[in-house]
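Observations on chain architecture
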Amino acid sequence: MGLETKPLSTLHEKASYDVEDFPVPTGREEEWRFTPLSRLKGLHTGVAASGGGVVVAVEAAPEVTVETVGRDDPRLGRAYVPADRVSAQAYGAFEKATVITVPREAVASVPTVITVTGSGDGTAYGHTLVNVEPMAEAVLVLDHRGSAVYADNVEFAVGEGATLKVVSLQDWADDAVHVSHHHARLGKDATFKSFVVTLGGDLVRLSPSVAYTGPGGDADLTGLYFVDAGQHLEHRLLVDHSQPNCRSNVVYKGALQGDGAHAVWIGDVIIRVEAEGTDTYELNRNLLLTDGARADSVPNLEILTGEVAGAGHASASGRLDDEHIFYLQARGIPFEEARRLVIRGFFAQLLEKIELDELRERVFAKVEAELEK
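Conventions we followed
Residues numbered from 1 in each chain as written. Predicted model: local features only at pLDDT ≥ 70, side-chain atom pairs only at ≥ 80, totals over all residues. Heavy atoms only, no water. Helix = DSSP H or I, 4+ residues; strand = E, 2+ residues; numbered from the N terminus. Buried < 20%, exposed > 50% of the residue type's maximum accessible area, 1.4 Å probe, protein only. Contact = heavy atoms within 4.5 Å. Areas by Shrake-Rupley, 256 points an atom, 1.4 Å probe, with all protein chains shown as cover. Pairing = 2+ DSSP bridges. Expected span 1.5 Å × (residues − 1). Bend = angle between axes of the 7 residues up to and from the residue. Axes fitted to C-alpha atoms, helices over the stretch in contact; angles between N-to-C directions. Parallel < 35°, antiparallel > 145°, perpendicular 65-115°, else oblique. Left-handed = near helix turned anticlockwise from the far one by under 90°. Nonpolar A, V, L, I, M, F, W, Y, C, P; charged D, E, K, R; others polar. Salt bridge = Lys/Arg side-chain N within 4 Å of Asp/Glu carboxyl O. Patch = residues over 30% accessible without salt bridge, like charges linked within 9 Å, V, L, I, M, F, W, Y side chains within 5 Å.

Section: the overall build of the chain
Across its full length, the chain carries five helices and 16 strands. If one aligns the C-alpha atoms of the chain with their principal axes, the spans along those axes are about 65 × 60 × 50 Å. When each of the 373 residues of the chain is scored for burial, the buried share is 54%. Nonlocal contacts in the chain, meaning residues at least 24 apart in sequence, comprise 86% of its contacts between residues at least 6 apart. Counting only carbon and sulfur atoms, one obtains 49% of the accessible surface of the chain, whose full area is about 15,800 Å².

Take a look at the structure:
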């Protein structure tokens, strides 16, 4: 008998706030088969107790409201229901949540920055809700740094006609473990733009997802990652088109160097029966800079209606183009500098999407530092 594969709509339909509704992963499940469970420090089994040292600091735009609330706040969990065991564990274990509210029709004058800093002690769980009310606009930066074992959920509730731009930077210390779900729920004619940068950590598994609650929603998901020896950086995306005339575009690029460097990219897009007029595309590219690096890239597209504006996906992993290197060397550029120029060019189009000059320069400097290793 051949292998039986589940359709995407079946794979992602299980959701619950209760961790006991999800069995402990064994590594044979489709959603866990690429993740080295032994390096999760107990986040998937429930043995990792809370009480770790993670400090959340918020520097908010003057137009934005910031609250620290308890678990009983009725706004929490309305935009997202956990879809796997670690996400449910994080939802059941966090003590305080950060709630960011952008009032109706407000336009934030500066970005709001949430900095999550780990002190290296114990295991921490977190929860963040970003509520952008109708016709409002805001930019949010999520900056992760320090050493931690950390699991969290981030809800983005983007109201009708609103716009939210998010930059999430995973710049952890070398020993950090971070498992996170980012879920955006888009109202009618809402716009959501996400830029994920993952550079640090021993193991980082980030799961961005998008759902639509009205027609005309527009989601743009961009990602950049650089994987060093021994690192495991995993990005698992889901775009669930359930409303007509919505758009999504996904572009993730990564570079890998060193023995045991492992990148995983899973891109799932579902176009449901009722989502006529959908326009979607997803792309993943991986640049293998040395022997011993491995990239797993799996784009998945499930179309349940024949009335789509456009749908496609592409994935490729390969080494540096010798012709590009030769072209530069033939013009007097030394090999190492030619190599750096080609890699910069690989990332350049993505970096231009970071609209914040200071943050773009910081990410560029981090990529340059990786190239110097």
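Quick word on the pairing of strand β6 (residues 163-172)
Looking down a regular strand, the side chains alternate between one sheet face and the other. Most of β6 is tucked away, with nine of its 10 residues classed as buried. Across 10 bridges, strand β5 (residues 137-158) lies against β6 in parallel orientation. Each residue of the ladder has a partner; that of Val141, found in β6, is Val167. By the bridge criterion, eight bridges tie β6 to strand β8 (residues 191-198) in an arrangement that is parallel. Residue pairing for β8: Val166 is matched across the bridge by Ser194.

Looking at helix α4 (residues 335-351)
For α4, with 17 residues, the first-to-last C-alpha span of 24 Å sits near the 24 Å given by 1.5 Å per residue. The principal kink in α4, of about 30°, is found at Gly345.

Description of the packing of α4 against helix α5 (residues 357-372)
Axis separation between α4 and α5 bottoms out at 11 Å; the angle between their running directions is 150°. The angle between the axes of α4 and α5 places the two elements in the roughly antiparallel class. When you trace α4 past α5, the crossing you get is right-handed. Along its contact with α4, which presents Arg339, Arg340, Ile343, Arg344, Phe347 and Leu351, the element α5 presents Arg360, Val363, Phe364, Val367, Glu368, Leu371 and Glu372. Residue classes in the contact of α4 with α5 are distributed as seven nonpolar, no polar and six charged.

Considerations on α5
One turn of the α-helix equals 3.6 residues, which is why residues spaced by three or four share an orientation. In this model α5 runs 23 Å from its N-terminal to its C-terminal C-alpha over 16 residues, within 8% of the 22 Å that 1.5 Å per residue would give. By the burial criterion, the buried members of α5 are Leu359, Val363, Val367, Glu368, Glu370 and Leu371. In this fold, the buried residues of α5 make contact with β5, β6, β8, β10 (218-227) and α4.

Description of the environment of Gly70
Along the polypeptide, Gly70 turns up in strand β2 (residues 65-70). Look at Gly70 and you get buried, because its relative accessible area is 19%. Along the primary structure Gly70 and Ser180 are separated by 110 residues, whereas in three dimensions their C-alpha atoms are 20 Å apart. Contact partners of Gly70, with chain neighbours within four places excluded, come to Leu76, Glu95 and Lys96.

Remarks on the pattern of salt bridges
Scanning all chains against the criterion turns up 19 salt bridges. Among the ionic pairs, Asp218 bridges to Arg247, the shortest N-O distance being 2.5 Å. Pair noted here: Asp218 is in strand β10 and Arg247 is in strand β12 (residues 247-256), with a separation of 29 residues, a long-range link. Residue Asp218 is classed as partly exposed on the basis of its relative accessible area, which comes to 24%. Accessibility expressed as a relative area gives 30% for Arg247, which makes it partly exposed. Of the charged contacts, one joins Glu234 and Arg236 as a salt bridge, the two residues approaching to 3.0 Å between their closest N and O atoms. Judged by its relative accessible area of 14%, Arg236 is buried. The network of salt bridges with common partners includes Asp143, Arg145, Asp171, Arg362 and Lys366.

Observations regarding a nonpolar patch on the surface
Together, Val56, Val58 and Val66 give the surface a local cluster of nonpolar side chains, amounting to about 180 Å² of exposed area. Tracing the backbone shows Val56 in strand β1 (residues 54-59). Among the residues examined, Val56 registers a relative accessible area of 38% and is labelled partly exposed.

Structural notes on the environment of Pro208
Topologically, Pro208 is positioned in strand β9 (residues 203-212). Judged by its relative accessible area of 6%, Pro208 falls in the buried class. Each residue touching Pro208, except ones within four places of it in the same chain, is listed here: His182, Arg236, Leu237, Leu238 and Tyr252.

Quick word on unusual backbone geometry
Backbone geometry at Lys41 places phi at a positive 55°, although glycine is not the residue there. Inspection of the secondary structure assignment puts Lys41 in the loop between α1 (8-11) and β1. Phi at Met135 is positive, roughly 70°, even though this residue is not glycine. Structurally, Met135 is set in the loop between β4 (112-132) and β5.

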